[in-house]
Amino acid sequence: MCFSREKDLHIFISAGEASGDLHGSHLVAAIRSLDPSIRLSCLGGPLLRSSGAPVVVDHREISVVGASEVLSHARAIFGAWRKIQSHLLASRPEVVVLIDFPDFNFFLGKFAKKIGARIFYYISPQVWAWREYRVHTIKRLVDRMAVILPFEKEFYGARGMDVEYVGHPLVDILGSVPGLERSAQVYGSDSGGPLIGILPGSRGSEIKLLFALLMDSAAIAARKLPEAKFLLPVAPSLNPERIKAYAANWDLPVRIVSGDTYRVIRACDLILTASGTVTLESAILGTPMVITNRVSRLSGEIAKRLIRVKWVGLPNLIAGRQVVPEFVQDNARPELIAAEATSLLRQRDRLEEQRVEFAKMRESLGQPGISERVAKLILETAGVS
């Protein structure tokens, strides 16, 4: 299929973190399948770069968690902004696609709109979770918006916005991951003991805050479950050698894996994971989990006053109740996480309860073809027929 137009079209994609890099790369492939002559550029990472979209700024320069962490990276963020601003002024894209990452993307979108670009927001910021007043900014800013969680269309509709629910892009991305049996053949435990995944996040700031917490938790669990084996998949946004060096500080039978995160997750009996997109990835793949999150004390105090939801994990938010155990801030302690992980692995019916809920969740996340549907909406927003 090819859309017709009178002049070359330029689209800029802003993906400021690892999950946006992933979804942006699939979006680029879908756009190119519709019209390979479209010019693309982006704020992105290794996946968008490998998709063939020129990267103006690498998102790893600016991707941090928490208000105090943003302040400490202010110079890098400002430098990245100046590069992107110059690029937008020189290239004048017809459409700017913003993928989540709200604080930076709101600023970028306002500037892009001022110089004549149309604004397409793909993957809503979590305004339903905290800082709901940002809905008003989105309403003024965007020309069109595609949301990926089933409750978001109703949320925005109640606030006067007509957004389009397209389904979750992970449905497409994870459709080709080998099944449990094939994945276990590669990563399964020879001892017959449980296989536990350790997923401390995809950003450097998450590693600083969560790596030791999860490794300490795993070490305690290993003493209680001596036959357990551990896998640590390294996100594309991180340096595998640095992660190996960190992991060497623990006496733990952990295997570091690069470039195969989804098959690792599928193979595991249980994962210990940071909150974030990976929790939904794991749910779609059917792997039970324990979720944790911890930010600096200052960021935690700020969040406590702003966050409106009961849970941090996407599976719990989608289910509307706690399906997966969470350990956040002061409760994010190795002994608590390890005790819960051990309990789950010893009570297999509790693992099965999670799997049953995940199967229901997968059905609510839309039919395959999400990236192509979004690509068509973006070209329509550009006025291409």
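On a predicted model such as this, the values are computed, not experimentally measured, just so you know.

Located in the positive-phi region is Phe101, a residue other than glycine, with phi close to 45°. Its identity is not glycine, yet Gln329 carries a phi of approximately 50°, on the positive side. Within the secondary structure layout, Gln329 lies in the loop between strand E13 (326-328) and helix H16 (334-346).

We now examine the environment of Leu213. Along the polypeptide, Leu213 turns up in helix H10 (residues 204-224). Exposure remark for Leu213: the relative accessible area of 2% places this residue in the buried category. Between the C-alpha atom of Leu213 and that of Asp251, which follows or precedes it by 38 residues, the distance is 14 Å. In this view, Leu213 contacts Thr292, Arg294, Ala332, Arg333, Pro334 and Ile337; residues no more than four positions away in its chain are not counted.

A full pass over the atoms with the stated rule returns nine aromatic pairs. Pairing Trp128 with Phe151 gives two aromatic rings, centres 5.0 Å apart and planes at 90°, and the pair type is edge-to-face. Pair noted here: Trp128 is in the loop between strand E5 (118-122) and helix H6 (134-141) and Phe151 is in the loop between strand E6 (144-147) and helix H7 (152-157), with a separation of 23 residues, a long-range link. Ring pairs connect the aromatic residues Trp81, Phe101, Phe104, Phe107 and Phe111, which therefore count as one cluster.

Rules used in this analysis
- Residues numbered from 1 in each chain as written.
- Predicted model: local features only at pLDDT ≥ 70, side-chain atom pairs only at ≥ 80, totals over all residues.
- Heavy atoms only, no water.
- Helix = DSSP H or I, 4+ residues; strand = E, 2+ residues; numbered from the N terminus.
- Buried < 20%, exposed > 50% of the residue type's maximum accessible area, 1.4 Å probe, protein only.
- Contact = heavy atoms within 4.5 Å.
- Phe/Tyr/Trp six-rings, centres within 6.5 Å; stacked < 30°, edge-to-face > 60°.

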